[in-house]
Amino acid sequence: MIWLEHCGSTNAELLARDLPHGTGLATKVQTAGRGRLGRVWEGTEGNLFLSVLLRPQVPVAQVPLYTLGAGVLLAERVGFQLKWPNDLLDGDGRKLAGILAEAEWRDGRLDKLVVGIGVNLVHAPHPGSACLADHGVHVAREQLADDLRRDLADLDLGTVRERWLRCNLTLGRRVSIGGITGVAVDLAANGALLVNDGERTHTVITGDLGFETSG
Ligand code: BTN
């Protein structure tokens, strides 16, 4: 595991280096953290900012299972539940952790997959977020980083769907995503979310999911 005092983004830092499968890189302070869908992930000292480099030989269609799997591994380690695809939320819907996977491809094959995990251990950076300490959950940052690094390097993709089903709070809920509003009815084998709008079932592979409160 590589630990830095500070860096812009652990994902960017790891993507820029040519390192073996299973290398972890974490930083104490992250100054230009990347979030999903072009957002920024704030790097307040005390929280966990970790990226793990994976170089698996798997079919392209299975790659999204790593990002779902990262959420599962985190939920299994620290508790709480997942909003599809992999946001860790508390019981009030406040975000505790986020995951951003970034890939580099060579000749149509996956060369590098960097799975970046940000966990609000002791600080909640936004009003709509929370941290584990708010819930009395105190986790040793270095130990969690080591555990997640090892879990990800060894992840058996064949177990991800079943494990995600056990710790998700998405299925059965009314959701909206990418202009579709309906009930999240299932998770496909490749990690896509199936949403039924009353007329048909849509296969959603990416997007920003919101929970609908009524309707
Ligand atoms: C999200 O928007 O929910 C994903 C946030 C991912 C943040 C983590 S922090 C460590 C890694 N490095 C980054 O630049 N981003 C990810």
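The model shown is predicted, which means the values in this text are computed figures rather than measured ones.

Considering the site of the ligand
Working step 1: In the region of the ligand, 20 residues are neighbours, and Ser9, Thr10, Arg34, Arg36 and Lys95 sit closest.
Working step 2: In the environment of the ligand, a nitrogen atom lies 3.1 Å from a nitrogen or oxygen atom belonging to the side chain of Gln30.
Working step 3: A distance of 2.7 Å separates a nitrogen atom of the ligand from a polar backbone atom of Arg34.
Working step 4: Out of a free accessible area of 410 Å², the ligand has 99% covered by protein chains.
Working step 5: Contributing elements (two or more residues each) for the shell around the ligand: α1 (10-15), β3 (33-34), β5 (48-54), β8 (95-106) and β9 (109-119).
Working step 6: Looking at which element gives the most residues to the shell around the ligand, the answer is β8, with 4 residues.
Working step 7: Per-class residue counts for the shell around the ligand are 6 nonpolar, 10 polar and 4 charged.

Section: the pairing of β8
Working step 1: For strand β7 (residues 87-89) and β8, the ladder comprises 2 bridges, and the chain directions are antiparallel. Note that in β8 the partner of Leu89 across the bridge is Lys95.
Working step 2: Hairpin connection, β7 to β8: the antiparallel pair is bridged by 5 residues, and Gly93 has positive phi, about 80°.
Working step 3: Sheet topology note: the β8/β9 ladder contains 10 bridges and is antiparallel. Along β9, the bridge assignment pairs Ala97 with Val119.
Working step 4: In this antiparallel pair of consecutive strands, β8 and β9, the connection spans 2 residues, and Asp107 shows a positive phi of 50°.

Remarks on the packing of aromatic side chains
Working step 1: Under the defined criterion, the tally for this structure stands at 0 aromatic pairs.
Working step 2: The ring of Phe211 is capped by Arg173, whose NZ or CZ atom sits 3.9 Å from the centre of that ring.

Notes on the pattern of salt bridges
Pairing is possible between side chains of opposite charge, provided their charged atoms come close.
Working step 1: Counted according to the given criterion, the structure contains 18 salt bridges.
Working step 2: Close ionic contact of Asp208 with Arg39 constitutes a salt bridge, the shortest N to O distance being 2.3 Å. Taken as a pair, Asp208 in the loop between β13 (201-204) and β14 (210-211) and Arg39 in the loop between β3 and β4 (40-41) lie far apart in primary sequence, 169 residues in all.
Working step 3: For Asp208, a relative accessible area of 37% corresponds to the partly exposed category.
Working step 4: The partly exposed category is assigned to Arg39, whose relative accessible area is 40%.
Working step 5: Between Asp90 and Arg94 there is a salt bridge, and its shortest N-O distance comes to 3.0 Å.
Working step 6: You can call Asp90 buried: its relative accessible area is 2%.
Working step 7: Given the relative accessible area of 26%, Arg94 is considered partly exposed.
Working step 8: What you see here is one network of salt bridges that share partners, running through Asp18, Arg55, Arg106 and Asp111.

Reading the values: the criteria
Residues numbered from 1 in each chain as written. Predicted model: local features only at pLDDT ≥ 70, side-chain atom pairs only at ≥ 80, totals over all residues. Heavy atoms only, no water. Near = heavy atom within 4 Å. Polar contact = N/O pair within 3.5 Å; in protein donor to acceptor, adjacent residues only side chain to side chain. Areas by Shrake-Rupley, 256 points an atom, 1.4 Å probe, with all protein chains shown as cover. Helix = DSSP H or I, 4+ residues; strand = E, 2+ residues; numbered from the N terminus. Nonpolar A, V, L, I, M, F, W, Y, C, P; charged D, E, K, R; others polar. Pairing = 2+ DSSP bridges. Phe/Tyr/Trp six-rings, centres within 6.5 Å; stacked < 30°, edge-to-face > 60°. Lys NZ or Arg CZ within 6 Å of the ring centre and 35° of its normal. Salt bridge = Lys/Arg side-chain N within 4 Å of Asp/Glu carboxyl O. Buried < 20%, exposed > 50% of the residue type's maximum accessible area, 1.4 Å probe, protein only.

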